[in-house]
Amino acid sequence: MAIFASGAGSNAQNIIDHFRGHRSIKVGLIVCNKPGAGVTGIAEKENIPCLLIEKEVFFKGSAYVEELQKRRIDFIVLAGFLWKIPSALVLAYRGRIINIHPALLPKYGGKGMYGMHVHRAVIEAGETESGISIHYVDELYDHGQTIFQARCPIERTDTPESLAEKIHSLEHSNYPTIIEEVIDLQNQR
Ligand code: GAR
């Protein structure tokens, strides 16, 4: 699989740890759009090739489809990746790209809704719970079919930062196992 990430990469690290030594699933590539992002350091430390992608090529060119196929990538996991996936890539990997979103979709999704922006909006709206959504990726932001959701309560004393911690912990305990289940399901087809 390839992990697409733009930020610190705590989910990427957690997924790499989960699949280390796995009999049939391997993290073979990190794809990143931000030079210097934390996840590029993780790729280096873990000895995983890292592909830094350019906006022009991604959105107006090949969307890196051939590059991914050449590297024998069968499955794409988005883990804090902030660009919309172009339709050429969705088409080439339909049903084989999944994303994690740090809220209970369909609420708090869409353009601009990522990371702390999501947690701030959830707290400001006075929600009493939030959670994570893992879903297939289609041509629209945060829209494809839901695979899994998990919830956590929000206390009056919670801040966007404390909520982010709760969400990260939900993500870390669930994303790798859901990825494994989805890939196993694909392989049975
Ligand atoms: C995660 O919480 C992920 O759900 C979120 O970015 C964070 C990345 O953290 N993704 C989105 O907001 C996508 N809309 P990480 O870099 O520590 O894995």
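Up top is the structure these notes are about.
Since we're looking at a predicted model, the values are computed, not measured. (Residues numbered from 1 in each chain as written. Predicted model: local features only at pLDDT ≥ 70, side-chain atom pairs only at ≥ 80, totals over all residues. Heavy atoms only, no water.)

Side note on the overall build of the protein chain
Within the protein chain, the regular secondary structure consists of 7 helices and 7 strands. Counting from the amino terminus, the protein chain carries its helices and strands in the arrangement β-α-β-α-β-α-α-β-α-β-α-β-β-α. In summary, the protein chain has a C-alpha radius of gyration of 16 Å against a globular reference of 16 Å for 189 residues, a match within 12%. Taken along the three principal axes of its C-alpha coordinates, the protein chain extends 50 × 35 × 35 Å. Out of the 189 residues in the protein chain, the part that is buried amounts to 50%. (Helix = DSSP H or I, 4+ residues; strand = E, 2+ residues; numbered from the N terminus. Rg over C-alpha atoms; globule rule 2.2 N^0.38 Å. Buried < 20%, exposed > 50% of the residue type's maximum accessible area, 1.4 Å probe, protein only.)

Points about the sheet that holds strand β7 (residues 146-153)
Strand pairing in a sheet takes place through backbone hydrogen bonds and is either antiparallel or parallel in direction. One open sheet holds the 7 strands; their spatial order is β3-β2-β1-β4-β5-β6-β7, and the pairing between them is mixed. Of all the strands in the sheet, just β3 (50-52) and β7 have a single pairing partner and so form its edges. With strand direction ignored, the average angle separating the axes of adjacent strands in the sheet is 15°. By the bridge criterion, 3 bridges tie strand β1 (residues 2-4) to strand β2 (residues 29-32) in an arrangement that is parallel. Within the sheet, the bridge partner assigned to Ala 2 lies in β2 and is Leu 29. Packing against the sheet, helix α2 (residues 38-46) makes contact with β2 and β3, and its axis sits at approximately 160° to β2. (Pairing = 2+ DSSP bridges. Axes fitted to C-alpha atoms, helices over the stretch in contact; angles between N-to-C directions. Contact = heavy atoms within 4.5 Å.)

Brief notes about the site of the ligand
Surrounding the ligand, one finds 13 residues, the nearest of these being Gly 9, Ser 10, Asn 11, Gly 115 and Glu 171. Between the ligand and the protein, one listed contact pairs an oxygen atom with a side-chain N or O atom of Glu 171 at 2.4 Å. The set of elements that each furnish at least two residues to the shell around the ligand consists of α1 (10-19), β5 (97-101) and α7 (160-188). A class-by-class count of the residues in the shell around the ligand yields 5 nonpolar, 7 polar and 1 charged. (Near = heavy atom within 4 Å. Polar contact = N/O pair within 3.5 Å; in protein donor to acceptor, adjacent residues only side chain to side chain. Nonpolar A, V, L, I, M, F, W, Y, C, P; charged D, E, K, R; others polar.)

Concerning the packing of α1 against α2
Following both chains from N to C, one finds α1 and α2 inclined at 25°, their axes separated by 9 Å at the closest point. Taken as axis vectors, α1 and α2 run roughly parallel relative to one another. Taking contact as the criterion, the partners of Ala 12, Gln 13, Ile 16 and Asp 17 in α1 are, on α2, Val 39, Ile 42, Lys 45 and Glu 46. (Parallel < 35°, antiparallel > 145°, perpendicular 65-115°, else oblique.)

A word on the packing of aromatic side chains
Tallied over the entire structure, the rule returns 7 aromatic pairs. Ring geometry for Phe 58 against Tyr 64: centres 6.4 Å apart, planes inclined by 40°, an arrangement best described as tilted. Residue class for Phe 58 comes out buried when judged on its relative accessible area of 1%. Looking at Tyr 64, the relative accessible area reads 12%, which means it is buried. Here Phe 58 and Trp 83 contribute two aromatic rings whose centre-to-centre distance is 5.6 Å and whose plane-to-plane angle is 35°, an arrangement assigned as tilted. Placement of the pair is Phe 58 in helix α3 (residues 55-60) and Trp 83 in the loop between β4 (76-78) and α5 (87-92), with a sequence separation of 25 residues. With a relative accessible area of 17%, Trp 83 lands in the buried category. (Phe/Tyr/Trp six-rings, centres within 6.5 Å; stacked < 30°, edge-to-face > 60°.)

Re the packing of α1 against α7
Look at α1 against α7: their axes get within 9 Å of each other, and the N-to-C directions meet at 45°. The pairing of α1 with α7 is recorded here as oblique in orientation. When the axes of α1 and α7 are compared, the crossing they make is right-handed. Contact residues: α1 offers Ser 10, Asn 11, Asn 14, Ile 15, His 18 and Phe 19, while α7 offers His 168, Glu 171, His 172, Tyr 175, Pro 176, Thr 177, Ile 179 and Glu 180. Grouping the amino acids of the contact of α1 with α7 by side-chain chemistry returns 5 nonpolar, 7 polar and 2 charged. (Left-handed = near helix turned anticlockwise from the far one by under 90°.)

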